[in-house]
Amino acid sequence: MTSVGAELAERLVGWRRHLHLRPELGFEETETAAFVAEQLRGLKLSVTTGVARTGVVAVLPAAREERGAVLLRADLDGLPIQEKAGRTYGSKIPGRMHACGHDGHMAMLLGAAELLVGQRGRLDRNVIFCFQPGEEGFGGAKAMIEEGVLRDHRVAEAYGLHLWSPFPVGTIQVRPGPTMAAQDEFEATIRGRGGHGAQPHAAIDPIVAAAHGLVGLQAVVARAVDPMDAAVVSVGSFHAGSAANVIPDEAVLRGTLRSFDEGVREALRVGARRVLEETAAAHGATCDFVLFPGYPAVVNDAAAVERVRKHAAAVVGDAKVVEPKPMAAAEDFAYFLREVPGAFTFIGAGNTARGITAPR
Ligand code: NI
């Protein structure tokens, strides 16, 4: 590493740790945004704050702009998780933690801004540094697109990345096509008629109906999806009743649907609803099925992936540029990739020798 590189690396660690101290949740990232904006203004970039409430956008104009802008994105928010004590740079805010690594993403994008500012005379495309709020389930990317971040800056390509501790440090992992899953959630309320557990014939048992529905859901993936396509149906919450000998009025199932293809996504939505509604009906109960649409799938552009691979290989070597399997986690960078070609890349962050193995 050159001395300039070593200096920048030290600053990156400093920015990351500073951001790690004060994590903020989606659309509340005011201090985080202020810090990022201050660094970007220090680079003499034109900076807009308050985009989609707390987002920050900085523009690095090219010497001659020919092909539309390239957008580079980092995410601002932390998670509602209590960090274990012990680190000098550990979270100072109770119940909040940068547990997903977005602090690292911000530091990296600030570093990229500094490096690219140093190359500004050679750029033939504007570069847009996009610090988006609310990645953790809030759809901040969608909100920024709706406020015009792509249109206003004539963005032609978009790139994002995620630190990924299941992948070994030193590797850069990227694949063409479907990379991360579309995510929908549902809540199904199965209503029967409560009664005494000793007199089931006088009641309509929503627990038995919901239990059959839960088992039936497993067949949606097994029977309604092409075996060459990937899909997940998981129920993470099943609540009913409060006493051993009382049949309750209702049971509530909450679950998540994951897929990589819009056709499969629709098959899961339709299949889950049908199985739960009709199984409830078979038991004389009713089902109120509510779908909460989530992020679409992250689908990488093949040419953009090739560019990432080429540049990644120059940094870590060919052997450390890996093509991962698609993964069923979700990421709202998907919204950018629905509008413009680009790529979402994983930076390996796992280090078993140092005990760094926690997922994300
Ligand atoms: Ni994340």
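All values reported here derive from a predicted model rather than from experimental measurement. (Residues numbered from 1 in each chain as written. Predicted model: local features only at pLDDT ≥ 70, side-chain atom pairs only at ≥ 80, totals over all residues. Heavy atoms only, no water.)

(A) Looking closely at the overall build of the protein chain. Counting its secondary structure elements, the protein chain contains 9 helices and 16 strands. Residues classed as buried in the protein chain amount to 49% of the 360 residues present. Put simply, the protein chain shows about 17300 Å² of open surface, and 55% of that area lies on carbon and sulfur atoms. Considering the protein chain, the positive charge centre built from 38 side chains and the negative charge centre built from 42 side chains are found 5 Å apart. (Helix = DSSP H or I, 4+ residues; strand = E, 2+ residues; numbered from the N terminus. Buried < 20%, exposed > 50% of the residue type's maximum accessible area, 1.4 Å probe, protein only. Areas by Shrake-Rupley, 256 points an atom, 1.4 Å probe, with all protein chains shown as cover. Lys, Arg positive; Asp, Glu negative; His and termini not counted. Charge placed at Lys NZ, Arg CZ, Asp CG, Glu CD.)

(B) The arrangement of the coordination of the nickel ion in detail. Protein coordination at the nickel ion comes from Cys100 (SG), His102 (NE2) and His162 (NE2), with a distance range of 2.1 to 2.3 Å. Each donor residue of the nickel ion lies on one chain, and together they are spaced C-x1-H-x59-H. In this pair, Cys100 is assigned in the loop between β3 (69-75) and α3 (102-118) and His162 in strand β5 (residues 155-168), connecting sequence segments 62 residues apart. Under the relative-accessibility criterion, His162 is labelled buried at 1%. (Donors = N, O, S within 2.8 Å, 3.2 Å for Na, K, Ca; no water.)

(C) Summary view of helix α2 (residues 30-42). Across its 13 residues, α2 extends 18 Å between first and last C-alpha, which sits within 8% of the 18 Å expected from 1.5 Å per residue. Where α2 is concerned, the buried positions are Thr32, Ala33, Phe35, Val36, Ala37 and Leu40. (Expected span 1.5 Å × (residues − 1).)

(D) Up close: the pairing of β5. Alignment of β3 against β5, held across 5 bridges, turns out to be parallel. Considered in β5, the bridge of Ala69 is made with Val155. The sheet contact formed by β5 and strand β16 (residues 342-350) spans 8 bridges and is parallel. Bridge pairing links Ala158 to Gly342 in β16. (Pairing = 2+ DSSP bridges.)

(E) Region of the structure containing the pattern of salt bridges. All told, the structure shown has 21 salt bridges when counted by the stated rule. In this structure, the salt-bridge partner of Asp184 is Arg269, at a minimum N-O distance of 2.9 Å. Residue Asp184 is located in strand β8 (residues 182-191), and its partner Arg269 is located in helix α7 (residues 262-282); the two are separated by 85 residues in the primary sequence. For the salt bridge of Glu187 with Arg254, the shortest nitrogen-to-oxygen distance reads 3.8 Å. Of this pair, Glu187 sits in strand β8 while Arg254 is found in strand β12 (residues 250-259), placing the two residues 67 residues apart along the sequence. Accessibility expressed as a relative area gives 29% for Glu187, which makes it partly exposed. Each of Asp184, Glu262, Arg265, Glu266 and Arg269 takes part in a single network of salt bridges with overlapping partners. (Salt bridge = Lys/Arg side-chain N within 4 Å of Asp/Glu carboxyl O.)

(F) Region of interest: the packing of α2 against α3. One way to put it is that α2 packs onto α3 with a least axis distance of 10 Å and a crossing angle of 15°. When the axis of α2 is compared with that of α3, the two are roughly parallel. Once α2 is placed against α3, the crossing between them reads as right-handed. Residues Thr32, Phe35, Val36, Gln39 and Leu40 of α2 touch α3, and the partners they reach there are Met106, Leu110 and Ala113. (Axes fitted to C-alpha atoms, helices over the stretch in contact; angles between N-to-C directions. Parallel < 35°, antiparallel > 145°, perpendicular 65-115°, else oblique. Left-handed = near helix turned anticlockwise from the far one by under 90°. Contact = heavy atoms within 4.5 Å.)

(G) Just the packing of aromatic side chains, in detail. Evaluated as defined, the whole model comprises 8 aromatic pairs. Ring centres of Phe186 and Phe289 lie 5.3 Å apart, and the angle between their planes is 15°; this geometry places the pair in the stacked category. Within this pair, whereas Phe186 is found in strand β8, its partner Phe289 is found in strand β13 (residues 286-293), the two being separated by 103 residues in sequence. Residues Phe333 and Phe336 carry aromatic rings whose centres are separated by 5.3 Å and whose planes lie at 45° to one another, so their mutual orientation is tilted. For Phe333, a relative accessible area of 0% gives the class buried. (Phe/Tyr/Trp six-rings, centres within 6.5 Å; stacked < 30°, edge-to-face > 60°.)

(H) Representation of the domain arrangement of the protein chain. Domain annotation of the protein chain identifies domain 1 (3-180 + 297-354) and domain 2 (182-293). Distance between the C-alpha centres of domain 1 and domain 2: 38 Å. Counting residues at the interface gives 9 residues for domain 1, matched by 6 residues for domain 2. When domain 1 packs against domain 2, the two sides together hide about 570 Å² of surface, and 66% of this comes from carbon and sulfur. The largest per-residue losses of area from domain 1 upon contact with domain 2 belong to Ala297, Ala328 and Ala330, which jointly make up 65% of the total buried on that side. Here domain 1 is connected to domain 2 by 0 salt bridges. (Domains from an automatic or database assignment. Buried area = accessible area lost by both parts, 1.4 Å probe.)

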